[in-house]
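Chain by chain, the residues:
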Amino acid sequence: MDRIPILKLGEALLVTIQVDMHDRLASALEEDLTARIVATGARGVLIDISALEIVDSFIGRMLANIASVSRLLDADTVVVGMRPAVAITLVELGLSLKGVKTALNAERGMAMIRQAAVSSLIGTGDEPAAHETAESGDLRGIDGDF
Amino acid sequence: MSVTVVPITTGDDVVRVRQEVRTQAVAAGFSLVDQTKIITAASELARNTLDYGGGGTATVELLRQSARRGVRITFEDQGPGIPSIDQALADGFTTGKGMGLGLGGAKRLSNEFAISSEVGRGTRVTITRWK
Ligand SMILES: Nc1ncnc2c1ncn2[C@@H]1O[C@H](COP(=O)(O)OP(=O)(O)O)[C@@H](O)[C@H]1O
Ligand SMILES: [Mg+2]
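Summarised in this report is the structure supplied together with it. Computed from a predicted structure; not experimentally measured.

Thresholds, definitions, all that
- Residues numbered from 1 in each chain as written.
- Chains lettered and ligands numbered in written order.
- Predicted model: local features only at pLDDT ≥ 70, side-chain atom pairs only at ≥ 80, totals over all residues.
- Heavy atoms only, no water.
- Pairing = 2+ DSSP bridges.
- Helix = DSSP H or I, 4+ residues; strand = E, 2+ residues; numbered from the N terminus.
- Axes fitted to C-alpha atoms, helices over the stretch in contact; angles between N-to-C directions.
- Contact = heavy atoms within 4.5 Å.
- Core = buried A, V, L, I, M, F, W, Y, C linked by side-chain atoms within 4.5 Å.
- Buried < 20%, exposed > 50% of the residue type's maximum accessible area, 1.4 Å probe, protein only.
- 1 Å grid on protein atoms, 1.4 Å probe; cavity = no way out; pocket = protein on both sides within 12 Å on 5 of 7 lines; lining within 4 Å.
- Points joined across faces, edges and corners; volume = space filled by probe spheres on them.
- Nonpolar A, V, L, I, M, F, W, Y, C, P; charged D, E, K, R; others polar.

**Considering the sheet that holds strand E3 (residues 68-77) of chain B**
All names here are of chain B.
- Reading across the sheet, the five strands line up as E1-E2-E3-E5-E4 and stay open at both edges, with antiparallel pairing between neighbours. The sheet is open, and its two edges are formed by strand E1 (2-8) and strand E4 (112-118), each paired on a single side. Strand after strand, the sheet turns through a mean of 10 degrees between neighbouring axes, direction not considered.
- Here strand E2 (residues 56-65) pairs with E3 via ten bridges, running antiparallel. What sits directly across from Thr57, in E3, is Glu76.
- Contacting E1, E2 and E3, helix H1 (residues 11-27) crosses the sheet at an angle of about 165 degrees to E1.

Below, the structure written as structure tokens:
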């Protein structure tokens, strides 16, 4: 069975959807992604849909599912590259994609993931100081990847 | 006048329906947004034909009425039928694992929408979009 490749890009995972998705391919992607989030400790998932000429409720449900499962695993999902005609159509279809973050392009999506990772670090105010030093070291590592 | 009948028995056929609708929408001179709307509506209905109707056909027509051009797609199956069309059209209603947006969404994305269904006999949905 075909599978959609998942690339690691710094602290994030990148998935580019290029083919017409079928049910099995969609559920394989959900499973592969969650396994990779756990295995790599990724803080974000970037899903590039710029190649998709349409998004119907089937793909919409897949994107929403990936976003909710990733959130439970402490990773942010950002859908990037939605075509304008697709956005217009989605609104009329009635699919709001609530809970799915979107960005115009991969660069901005990656910035959102980095920002979310940073604010979650800042949010851990009760951590010992030594730990925070280690974390700012990690942050430099993230930036170095871009 | 062009008429193509696409059988719908697998997920690949849903993709084929979308391709045929795109071809005819381009031939009708649809804008990119209008192409996207009618292809998306067709994708929803083709999936319903497959998932709930147990398979069927999509008949894709390029319409030319004097100066007017349009695309009409008729989805037919001999499946279980729909007991309450009002309920099925309501956003959020699903008897499967969908989002319940297919029928209502396809209606919104089309200029004309017609549905007839008989329990135990099957379902026919026709959508038309004009340029
Ligand atoms: N061709 C069909 N044959 C039988 N039932 C159908 C058919 N199309 C739609 N339905 C019924 O209408 C409901 C709503 O369809 P839809 O709006 O596309 O939402 P979803 O596909 O997410 O369930 C379906 O769950 C199903 O019960
Ligand atoms: Mg449906």
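Let us keep going from here.
**Things to note about the nonpolar core**
- Ranked by size, the top nonpolar core spans 62 residues in total, and within it Ile17, Met21, Leu29 and Met62 of chain A together with Val17, Ile73 and Phe75 of chain B carry the most contacts.
- Ala12, Val78, Ala103 and Ile113 of chain A belong to the second-largest nonpolar core, a separate cluster that totals eight residues.

**Section: the layout of surface pockets**
- Space inside the largest pocket adds up to approximately 760 Å³.
- For the largest pocket, the lining is made up of 36 residues, of which Asn48, Tyr52, Thr94, Thr95 and Gly96 of chain B are closest to its centre.
- Every element with two or more residues in the lining of the largest pocket is listed here: helix H2 (57-72) of chain A together with helix H2 (32-51), E3, helix H3 (85-89), helix H4 (102-108) and strand E5 (122-130) of chain B.
- Split into classes, the residues belonging to the lining of the largest pocket amount to 13 nonpolar, 15 polar and eight charged.
- What lines the second largest pocket is a set of 19 residues, among which Asp2, Val19, Asp20, His22 and Leu25 of chain A lie closest to the centre.
- Elements with a minimum of two residues in the lining of the second largest pocket: strand E2 (12-16) and helix H1 (23-40) of chain A together with H1 of chain B.
- Taken together, the residues of the lining of the second largest pocket break down into eight nonpolar, five polar and six charged.

**Quick notes on the pairing of E5 of chain B**
Residues and elements named next belong to chain B.
- Counting buried residues in E5 gives eight out of nine residues, a clear majority hidden from the surface.
- Pairing of E4 with E5, which is carried by seven bridges, proceeds in the antiparallel orientation. By the bridge assignment, Glu112 is partnered in E5 with Thr128.
- Between E4 and E5, which follow one another and run antiparallel, lie three residues, and Gly120 among them has a positive phi close to 85 degrees.

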